[in-house]
Structures are given as structure tokens and as C-alpha cells.
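The residues making up each chain are set out below.
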Amino acid sequence: MNAPDRFDTFLLGDGEKKVTEVADTRIPSASTFTFNKEDHTLGNLLRSQLLKSPHVKYSGYRIPHPLVSSFELRIQTDSTLTPRAALQQACRELVSDLSTLSREFTKEWELRKMVGDGAKGDDKDGKGKVPGR
Amino acid sequence: MDYGAMDIDQVGPRVIIRESFPNRADFVLEHVDLAFANSLRRTMLAEVPTMAIDLVEVDENTSVLADEFIAHRLGLIPLNSKQIEDVLYTRDCDCDQYCENCSITLTMHAKCTGDEIMKVYARDLVVAEPRPNEWVGNPVITDEAGLGPVICKLRKGQAVRMKCIAKKGIAKEHAKWAPTSAIGFEYDPNNKLRHLDYWYEVDPIKEWPVDDRNASWESEGGPQQDDETFDYNAVPSRFFFDLESIGNLEPDAVVQQGIKVMQQKLAAVLQELAGDENRNGNAGGDGFGVQEPDGMQGGDYGVDQGYTTPYVNPGATSQWGGGATPYGATPYGQSGWNQ
Ligand SMILES: [Zn+2]
């Protein structure tokens, strides 16, 4: 009846921005980023990647309301780089890791196809076992 | 920037494929953290685009099933979604309602004339041409008889005539767009990290059987010994995936598409952050903020082997390829990325 449309969980509304930054007024090098139409998939991923940087002092995310598809990511850095720069760096690192993963998966899959081709066709329902390592 | 501390991560993600079948991929993902592995799992489950019937125009239905009952069944029929990049989302298309760039029309026309009960199968759906590529929209048929799932049954004199419009979508909107029926996901089968606190009657070891196949992959060996000290700094780094495809995409394509969707998400964030800078600062007006992630797919980038990563420059097949520095020259925020 008054249920929101399902696509409201992933499509930005008119004029809505993907990310907005609000700098903390009391703590230097600290910002809260609000991500619209995103969920744990991106929130936790960024949180975790940011924590790997030696310049990031704090990184945490929360979903303020379960029915509103947005999350807040709070970042505090040492003064060597801004929270925004840290976030950009984290994103780039993840994009790069994902590219590596894509290449690795393609390589391994092709290899697997060459080695275990016999097993591929025989087993229609995919339940058969192929010896592992 | 200082990447010195990243030395450990230089290896990047690693994959070992344990089993591969036409509809299943069983693989181990290593050298990534839990958040990364879980995001990949979540993306593959809910955000990989596929085709599914979304609109049904009923011309005739004298079967015993209600129109919406059949429409629902039609929606759940897996349709081939190979190279779905060729298909536009209807919302991004220029057309009024739907067209051959953003939809595929399948017609079902069946009438029972004999005395026997007649079954209408997915193979009876007729796919209209032209369509974005030669595969998309074909009902997925895997049974030996080549029939596909049953849609409805007809008695003598009964008939169905329906026009079905298949559209591109994701499972976050409706489960009919899901590319997988399930993704098995496990880490730390021996529970050495103690992320689990097992409930038990008498003996948790007996009552919670360990997945031997996964457990045997752990180099650290068997279950926690009593004299073993607990490493409270340990984090999971090996993840066991068992992905079962519905048939609309091959299992490896689901993984690759999942990766791509994640990259598109991150690219959208980077664009927004870079776009802000342009507005505030040097006002480059290089169209950074204007581009939408969806606009990045499609023919502009040429078709490289299988999957084109969504953000690369035209012509440059792999920005990240080879090289000792995986974090090296990225196309973001550099003047070279204006196209
Ligand atoms: Zn259209």
C-alpha cells in the first residue's frame, strides 16, 4: 500500500547525489560521508579497506534507518591526507584488487576448463565430485 | 602517497577453482578480507543484471489458472542473459515504454485440441527478432527432452495467448532476476577464530560436524587443540564459495559480472568525489560529474576478452595489467580521463 518501490533501494532520486561529505566542526581531519542508495555491500567494504591505511585513525559506518537506503561512513585521518583523499585511495585500491581478482579468476577458470574438461560435460546436474587438491 | 605499508597486500586476491560445472563453480578466494569476500557474495546474489519477463499482455486465457498466476510463473522462467551489456535498462532507454534495445518479446500461443491434457513448456515461448544479441531472452532449457519448465496445463478447448516483455533487472528489485539459486559461503571451518559460539546439548564437536573438504584446505590443520593458545589477532583470509547458477548466466560470468558491478559502484563514488572537486576548484568542466555509471558500459570501450571493465579508457585494455605497482597510474582524477 504505502510500501516504497523496490528500485528506491538502488536508483538515485532526482538531483540526489551518490556521496556527500560533511566535515566535523570540532575534530580536525574528520568527516562523515553519506552514501545514498547503497547498503552494507559498499559500506562495510569501504570501512574495512580504509582501516588498512596507516593514515586512517578511525573508520566506521552505520545505516541510520533500516528502511532508508543510505549509510554514513565516518573517517578520521592523521593530517597527512584528508578523509576525502583517504576514501578516494580506498576506492582505487579496491578497484585495482577487483581487477586482479577478475584476471585471476579468468586465468584459473580457463586452466580448469583445459584440465578438467571431461568432468564438465558429464555431470549435468553439477553434483558430481572432482578430486580436489 | 605512502604505499610502503601495503607490501603484504601486494599479492592481491587469489583464486583456486576446486570444481567447475556448467551450472556450478566451487572456488576458494584467498588474500582478501572478510568484508571484500562478503561484498562479492552479496553483489553476486542481488546486483548482477539478468533478463526476466516483467510485463505480460494477456490476449486469451481459458486455462484454469488466473492471469496473474501464469504471469508470475512466466516471470520466474530463467532467460539467457549472456552479454547483457548489449541490453539497456528500460529506464535508461529513449523509448516510451519498451523497445528492441531494452526488451525482448516472447509470445506464448497454445491451444489444446486433443483429448489428452496438454502441457505448455518454456520451449513454447517464441522469441521475437531483432534483439540486442543472439542469445538474450532464450528460455534456459537444460533437461534432456529439451522442454524446459512447465508453465501451465490445458484441457481440450482451452487456450492461452500471451505477449511477454522481458526486461533487464537485478535481484534487489525482484528475485526473478537472480543469477544464482544459492551461494555457499564459509570461512574458518574449524572455528579457530571463534567467530561462532556453538549451542550444544552435550558435545559441540559431535553435534556440529565440520565440512571436511573445506577443513582439509586449512593449512593450520585440524580442530583447536586444548593446549593451543588463542590468537586473538587472527583474521579470516580464506573463503570457500560454492556458487550455483540458475542457468541464465554461466557461473564464471556471474563472478565476473559481480566484480564488474562492484567496480561500477566504486567508480560512481570516485566520480562523485572527483566531480565535487571540479566544481569547487579548478572548474575543469571535463564532464566528470555528468557521466553516469550506466553510460560507461556499452560499445564505447570495445569488446575485449569477455568482460570489459567499466572504467577503462577506450583502447587501453588493462590499466592495471602487469607492473610491480598495482596501485600505479589510475585513470581517476587525472586529466587524461576526459575522453
Ligand atoms: Zn527501449
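- Looking up chain B in an unreviewed UniProt entry gives the name DNA-directed RNA polymerase RpoA/D/Rpb3-type domain-containing protein, with the organism given as Stereocaulon virgatum.
- In its Sequence similarities (unreviewed entry) section, the UniProt record describing chain B reads: "Belongs to the archaeal Rpo3/eukaryotic RPB3 RNA polymerase subunit family."

- An unreviewed UniProt entry annotates chain A as DNA-directed RNA polymerase RBP11-like dimerisation domain-containing protein originating from Stereocaulon virgatum.
- Taken from UniProt, the Subcellular location (unreviewed entry) comment for chain A reads in full: "Nucleus".

## Considering the coordination of the zinc ion
Expected angles at a metal are 109.5 degrees for tetrahedral coordination by four donors and either 90 or 180 degrees for octahedral coordination by six donors.
Residues and elements named next belong to chain B.
Then, number 1: Protein coordination at the zinc ion comes from Cys-93 (SG), Cys-95 (SG), Cys-99 (SG) and Cys-102 (SG), with a distance range of 2.2 to 2.3 Å.
Then, number 2: Of note is the zinc ion, whose four donor atoms meet at the metal with angles of 99 to 116° in an arrangement that counts as tetrahedral.
Then, number 3: In primary-sequence terms, the residues that donate to the zinc ion follow C-x1-C-x3-C-x2-C.
Then, number 4: For Cys-95, a relative accessible area of 23% gives the class partly exposed.

## Quick look at the UniProt feature "domain: DNA-directed RNA polymerase RBP11-like dimerisation" (unreviewed entry) in chain A
Then, number 1: Summarizing the sequence annotation, UniProt attributes the feature "domain: DNA-directed RNA polymerase RBP11-like dimerisation" (unreviewed entry) to residues 31–103 of chain A in the numbering used throughout.
Then, number 2: The distance separating the terminal C-alpha atoms of residues 31–103 of chain A is 35 Å; by composition the span is 44% helix and 29% strand.

## Quick notes on the sheet that holds strand E9 (residues 180–187) of chain B
Then, number 1: With respect to topology, four strands assemble into an open sheet ordered E1-E2-E10-E9 (chain B), the strand pairing being antiparallel. The sheet terminates laterally at strand E1 (14–21) and E9 of chain B, the two strands that pair on one side only. Neighbour to neighbour, the strand axes of the sheet diverge by 15° on average, direction disregarded.
Then, number 2: Note: strand E2 (residues 24–30) of chain B against strand E10 (residues 238–245) of chain B, seven bridges, orientation antiparallel. When the sheet's bridge partners are listed, Phe-27 of chain B is paired in E10 of chain B with Phe-241 of chain B.
Then, number 3: Taken strand by strand, helix H2 (residues 83–115) of chain A contacts E1 and E2 of chain B, and its axis lies near 40° from that of E1 of chain B.

Quick notes on the rules
Residues numbered from 1 in each chain as written. Chains lettered and ligands numbered in written order. Predicted model: local features only at pLDDT ≥ 70, side-chain atom pairs only at ≥ 80, totals over all residues. Heavy atoms only, no water. UniProt positions renumbered as here; feature names shortened; annotations may be inferred. Donors = N, O, S within 2.8 Å, 3.2 Å for Na, K, Ca; no water. Tetrahedral: all angles 85-135°; square planar, octahedral: opposite > 155°, others 65-115°. Buried < 20%, exposed > 50% of the residue type's maximum accessible area, 1.4 Å probe, protein only. Helix = DSSP H or I, 4+ residues; strand = E, 2+ residues; numbered from the N terminus. Pairing = 2+ DSSP bridges. Axes fitted to C-alpha atoms, helices over the stretch in contact; angles between N-to-C directions. Contact = heavy atoms within 4.5 Å.

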